Amino acid sequence: MKKRVLASVFLSLSLMLSACSGGGSAPAGDSKEQSGEASKTEGKSELIVAVDQDPVGYDPHKVPAASSSRIYSLVYDSLTKLDANLDLVPGLAETWETAPDGKSITFHLRKGVKFHKGQELTAEDVKYTFERILNPDTGSIAKSYFASVDSIEAPDPATVVFKLKTPDAAFLTNASAPSASIVSKGSTDLTKEANGTGPFILKKSEPGQYVLLKKNPDYFSKELPKVDAIKFQIMKDEAERMAAIRAGKIDISAVSADSAKLLEGKPGIQVKSYQSLEYSYLGINVKKKPFDDPRVRQAISYAVDRNQIVQTVWKGEASLTGPIAPALTSWALDPSSYPSYSTNVEKAKQLLAEAGYPNGFDTVIETASTYPDMVESAQVIQQQLKAIGINAKINQLEWGNYIDTWKSKDMNIMVGRNTSGVDSDRSMRYFFSTTGSANVWNYSNPTYDELVQKALEAVDVKERKKLYDEAQKLLVEDAPNLFLASPKNFYAVRDNVDFSPTAAGESTALVKTSVKK
Amino acid sequence: MGSYLVKRIISLIPILFGISILVFTILHLVPGDPASIMLGTEATPEAVAVLRAEMGLDKPLVSQYLHWVGGLLQGDFGVSVHTGQEILPEILKRFMITLQLTLMAVLIGWTLAIPFGILSAIRSHSKTDKVIRILTLLGISVPNFAVGTLLLLGLSLYFNWFPPIDVTSFWDDPAEAFKVFILPAVTMGIAVAAGVMRMTRSAFLETMDKDFIRTARAKGNSMWTVVMGHGLRNSSIPIVTIAGMQIGYLLGGSVIVEQLFSIPGLGQYVLDGIYQRDYPVVQGGVLFVALVFVLVNLIIDLIYTWIDPRIKY
């Protein structure tokens with residue numbers, strides 16, 4: 001009897017196993033089917049890219065979410081573009097010139113560019129696009145990028161002239177943003193249809209599953225794109241993405257630094273990284289006591305060991321950063337030019353004592369529980385601040401709640417992450433000028449405001465650079481934010497896929513990606 | 001019976017009404033604003049204001065609630081504030097996926113649970129029983145995200161096998177759908193099996209002590225006839241009860257398993273809605289799940305009368 005029982009246990013176990021291995025024998029059949037399909041459609045190549053989020057709509061002027069912009073930036077084009085080194089290159093505009101006084105910019109459009117629906121791109125479309133962005137009813141986040149625009153003229157179908165109220169050195173870079181995508185004249189509801197000029201056509205969007213893009217056969221650059229289709233497969237779990245890329249079910253996936261280490265050297269997979277435009281920061285509300293005293297903020301800056309954050313939180317895969325992320329190589333200052341970056345607990349204690357807090361104080365660090373790196377950074381800072389008598393409690397917030405707190409301008413200190421932006425104006429003015437939209441720290445320094453405003457209006461690049469150097473030093477000295485670390489971003493890529501990600505963005509790299517048979 | 005059914009269905013109205021108020025209130029009490037979340041740290045105050053107006057969030061709460069319920073009464077669940085997509089068709093589509101997953105998980109669970117539960121009961125305190133009980137305890141205690149991750153990584157690492165990445169339905173392509181759903185279904189099935197097995201064992205132990213079992217055995221019936229003919233039916237009520245609750249629960253969407261295997265089911269839809277504060281999506285989703293849960297329970301109550309004709313409504 002006992003034997004029979006045992007036998008039945010084994011039987012059921014082996015049944016379960018065979019259910020799995022029944023699937024296990026599938027790859028042979030699968031690959032046969034796939035290769036059969038491939039030989040039928042000779043030369044067709046489809047790239048499968050795993051993404052972690054469902055897109056939330058495709059209106060480039062309204063939806064800044066990364067989950068959406070990675071898709072619409074392949075469907076639309078902008079006037080200018082950035083290459084892998086973040087240098088300006090022609091987009092829909094073939095050439096452009098800025099007037100000597102900097103107050104007007106003339107774009108000469110590429111000829112023969114067609115929208116996906118067939119009509120030819122003209123200056124009227126460009127004019128319509130920017131008027132749509134600037135219209136307050138659109139609620140475009142790009143409106144603030146083009147605040148300097150006074151009027152837009154289209155003297156002939158191939159020429160657009162922007163008249164500016166003040167010179168705007170950031171205009172050309174801002175015009176390359178996906179949120180300044182050129183749409184066809186008369187488009188109103190861009191959530192429902194996407195009619196761009198870009199390298200890919202939005203073919204199908206299956207919520208929760210995938211977004212399929214097909215190659216635009218009439219794209220103005222004849223060699224591009226190099227694949228016939230891109231399928232963005234929505235896979236929310238990192239473990240699933242890792243398993244899928246190892247099994248060769250997907251071609252490209254962004255992965256965390258930890259996963260990248262695990263995938264390194266695995267057969268069939270190459271791990272690629274690049275210095276991102278992001279940086280983590282400790283934001284300080286300069287109106288809240290005791291942080292209203294600059295000496296307290298400087299004390300914190302001396303107490304925080306940024307190198308330890310790079311090592312502990314990012315496992316060394318990050319760089320020290322100032323207000324402008326190091327990926328903007330020609331604008332970012334060398335971190336060694338900031339005196340308060342050298343950890344000095346004695347000096348920090350002394351500064352605290354001068355400010356009237358010889359024994360430190362209690363405070364709260366708020367951060368988003370959604371991102372482990374933010375929580376870990378907060379924990380490292382909590383430890384480091386203990387050394388100078390500041391007892392910080394960490395308050396982990398859910399993302400929606402975090403955004404609310406960030407907007408409130410009423411927090412104490414906060415750990416978060418910013419994207420530095422591809423132009424220094426964004427890194428500097430947008431986040432820290434008195435009227436900057438993202439200046440939630442109540443920071444207001446007339447000297448700083450003047451420096452960044454002058455830099456924005458500076459037509460000469462050398463002069464502009466000098467102004468930003470000064471402004472960066474001033475900002476680090478004033479310390480409304482501590483700029484902690486700028487991480488590398490990682491991708492896992494199948495061996496037969498030629499994909500080179502850069503800070504210029506995923507879509508810039510995807511257009512040039514090819515698949516070897 | 002007929003009047004009982006009518007009464008039960010009428011009692012649905014206050015339940016659903018209560019749930020609608022509850023979910024609406026709780027959701028709007030939670031901090032976070034869909035417009036700010038959508039625009040993120042890129043938001044300018046005016047862009048947020050425009051978006052809020054577009055989403056209809058600038059109106060007073062009471063009028064938002066009435067607008068929503070008014071739509072519901074006409075069968076209109078509204079549209080997602082993020083994508084502008086109709087909610088009801090999306091819920092139904094995703095429910096069909098969750099339904100297939102649930103049925104497969106339950107099938108796997110019961111096939112394992114009932115025979116082993118019975119075996120464990122009639123051989124109680126033997127070695128077999130102990131082994132089964134340890135396995136059951138393991139099945140209950142190991143969380144499903146761990147089981148799922150192990151299955152996924154194990155199979156892809158050692159067998160280079162990974163389930164198809166596009167979800168297919170059983171009526172479109174049964175073989176492909178089987179491959180899609182087998183891993184999540186096994187993951188969920190293990191937990192289902194463990195729960196049902198414990199219930200089967202204890203229900204059976206109780207039944208097998210009853211006088212009529214002894215009488216049946218005394219009449220000279222074989223163990224098999226006694227267990228199947230007398231034991232199973234008389235132990236069914238608690239088993240069916242727990243099974244019903246499990247089905248109701250799983251149909252609400254097994255969020256973690258759906259997330260892990262990228263199954264675009266109902267649970268994932270509502271979870272995303274919560275993260276993005278997509279109010280109509282969460283409200284509609286929760287209301288729908290509540291309705292399903294109540295209906296499943298009603299069906300279970302009806303099954304009781306079939307299992308045990310002494311039960312009358």
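None of the values given here were measured: they were computed from a predicted structure.

Let us look at the overall build of chain A. Looking only at helices and strands, one finds 16 helices and 20 strands in chain A. Taken over C-alpha atoms, the radius of gyration comes to 26 Å for chain A, in line with the 24 Å a tight globule of 517 residues would show. In terms of its C-alpha atoms, chain A occupies a principal-axis envelope of roughly 80 × 80 × 35 Å. Looking at chain A as a whole, 48% of its 517 residues qualify as buried. Taking the contacts inside chain A whose residues are at least 6 apart along the sequence as the reference set, 69% of them involve residues at least 24 apart.

Right, let's get into the overall build of chain B. Counting secondary structure elements, chain B contains 13 helices and zero strands. Secondary structure elements in chain B, listed N-terminal to C-terminal, are α-α-α-α-α-α-α-α-α-α-α-α-α. Summarising its shape, the C-alpha atoms of chain B cover approximately 85 × 60 × 35 Å along the three principal directions. By the burial criterion, 42% of the 313 residues in chain B qualify as buried. A fraction of 71% describes how many contacts in chain B between residues 6 or more apart in sequence connect residues 24 or more apart.

Okay, the pairing of strand β10 (residues 229–234) of chain A next. Residue and element names in this part refer to chain A. Counting buried positions along β10 gives five out of six residues, so the element sits mostly inside the fold. Relative to β10, strand β1 (residues 46–51) is paired through six bridges, and the arrangement is parallel. Residue pairing across strands places Val 49 opposite Phe 232, the latter belonging to β10. Sheet topology places strand β9 (residues 210–215) next to β10; five bridges connect them, and they run antiparallel. When the bridges of β10 are listed, Leu 213 appears paired with Ile 230.

Moving on, we get to helix α8 (residues 174–208) of chain B. Look at α8(B): only 41 Å from first C-alpha to last across 35 residues, short of the 51 Å you get at 1.5 Å a residue. Along α8(B), 25 of the 35 residues are buried, which leaves the element largely enclosed by surrounding structure.

Now for the interface of chain B and chain A. Each partner contributes to the interface: chain B provides 49 residues, whereas chain A provides 47 residues. Within the residue set of the side of chain B that touches chain A, elements represented by two or more residues are α2 (34–39), α3 (45–55), α5 (87–122), α7 (144–158), α8, α11 (255–260) and α12 (266–275) of chain B. Across the side of chain B that touches chain A, the residue classes break down as 25 nonpolar, 16 polar and eight charged.

What follows is about the confidence of the model for chain B. Residue and element names in this part refer to chain B. Residues with a pLDDT of 70 or more make up 98% of chain B, whose mean pLDDT is 86. The spread of mean pLDDT over the elements of chain B runs between α3, the lowest at 78, and α5, the highest at 91. Complex prediction metrics read pTM 0.80 and ipTM 0.74.

Attention now moves to helix α9 (residues 211–218) of chain B. Among the eight residues in α9(B), zero count as buried, and that is only a small part of the element. At the exit of α9(B) stands Gly220(B), carrying a positive phi of roughly 100°.

The next subject is the pairing of strand β11 (residues 252–255) of chain A. On a regular strand, each side chain points to the face opposite its neighbour's, so the side chains alternate between the two faces of the sheet. Residue and element names in this part refer to chain A. Bridge count between β1 and β11: two bridges; the pairing is parallel. For Ala 50, the partnering residue across the bridge sits in β11 and is Ser 253. Here β11 runs beside strand β18 (residues 481–494); their pairing, made up of four bridges, is antiparallel. Following the sheet pairing, Val 255 is matched in β18 by Phe 490.

In this section: the nonpolar core. By size, the foremost hydrophobic cluster in this structure holds 220 residues, and its most contacted members are Val75(A), Ala244(A), Ala299(A), Ala471(A), Ala105(B) and Val196(B). Broken down by element, the residue count for this core peaks at 18 residues, all from α8(B). Excluding residues within four positions of it along the chain, Val75(A) makes contact with Ala194(A), Gly196(A), Gly198(A), Phe200(A), Ile201(A) and Leu202(A).

A few words on the sheet that holds strand β6 (residues 149–156) of chain A. Residue and element names in this part refer to chain A. Read across the open sheet, the four strands follow the order β4-β5-β7-β6; overall the sheet is antiparallel. At either end of the open sheet lies a strand with only one pairing partner, and these are β4 (93–98) and β6. Strand-to-strand twist of the sheet, defined as the mean angle between neighbouring strand axes without regard to direction, takes the value 20°. Pairing geometry for strand β5 (residues 104–109) and strand β7 (residues 159–164), over five bridges, is antiparallel. Following the sheet pairing, Ser 104 is matched in β7 by Lys 163. Those strands touched by helix α4 (residues 123–134) are β5, β6 and β7, and its axis lies near 165° from that of β6.

Chain-level statistics for chain A give a pLDDT mean of 86 and a share of 92% at 70 or above. Confidence over residues 1–42 of chain A falls short of pLDDT 50; this stretch has 15 contacts with residues more than four positions distant or in other chains.

Bringing the packing of α7(B) against α8(B) into the picture now. Residues and elements named next belong to chain B. Two elements in contact, α7 and α8, have axes separated by 9 Å at closest approach and are oriented at 145°. Pair α7 / α8 crosses with right-handed handedness. Taken together, the residues of α8 that come into contact with α7 (itself represented by Asn 144, Val 147, Gly 148, Leu 151 and Leu 152) are Leu 183, Pro 184, Val 186, Thr 187, Met 188, Ile 190 and Ala 191.

On to the environment of Asn297(B), then. Residues and elements named next belong to chain B. Structurally, Asn 297 is set in helix α13 (residues 279–307). Overall, the presence of 16 C-beta atoms within 10 Å leaves Asn 297 in the partly exposed class. Spatially, the C-alpha atoms of Asn 297 and Thr 241 are 8.5 Å apart, while their sequence positions differ by 56 residues.

Of note, the amide linkage connecting Leu224(A) to Pro225(A) takes the cis form, showing an omega dihedral of -15°. The topology assignment puts Pro225(A) in the loop between β9 and β10. The phi angle at Arg277(B) is positive, at roughly 50°, despite the residue not being glycine. Residue Arg277(B) is classed as buried on the basis of its C-beta count, with 26 C-beta atoms lying within 10 Å.

Position of Ala299(A) relative to the elements: it lies in helix α8 (residues 294–303). Considered as a pair, Ala299(A) and Ile388(A) are 89 residues apart in the sequence and their alpha carbons are 8.5 Å apart.

Residue and element names in this part refer to chain B. In the contact formed by α5 and α12, the axes pass within 7 Å of each other and the chain directions differ by 135°. Judged by the inter-axis angle, α5 sits oblique to α12. Residue-level inspection shows Glu 90, Ile 91, Arg 94, Phe 95 and Thr 98 of α5 in contact with α12, the latter providing Leu 266, Gly 267 and Tyr 269. Of the residues assigned to the contact of α5 with α12, the class counts are four nonpolar, two polar and two charged.

How each quantity is defined
Residues numbered from 1 in each chain as written. Chains lettered and ligands numbered in written order. Predicted model: local features only at pLDDT ≥ 70, side-chain atom pairs only at ≥ 80, totals over all residues. Helix = DSSP H or I, 4+ residues; strand = E, 2+ residues; numbered from the N terminus. Rg over C-alpha atoms; globule rule 2.2 N^0.38 Å. Buried ≥ 20, exposed ≤ 12 C-beta atoms within 10 Å, placed from the backbone. Contact = placed C-beta atoms within 7 Å. Pairing = 2+ DSSP bridges. Expected span 1.5 Å × (residues − 1). Nonpolar A, V, L, I, M, F, W, Y, C, P; charged D, E, K, R; others polar. pLDDT = per-residue confidence, 0-100. Core = buried A, V, L, I, M, F, W, Y, C linked by C-beta atoms within 7 Å. Axes fitted to C-alpha atoms, helices over the stretch in contact; angles between N-to-C directions. Left-handed = near helix turned anticlockwise from the far one by under 90°. Parallel < 35°, antiparallel > 145°, perpendicular 65-115°, else oblique.

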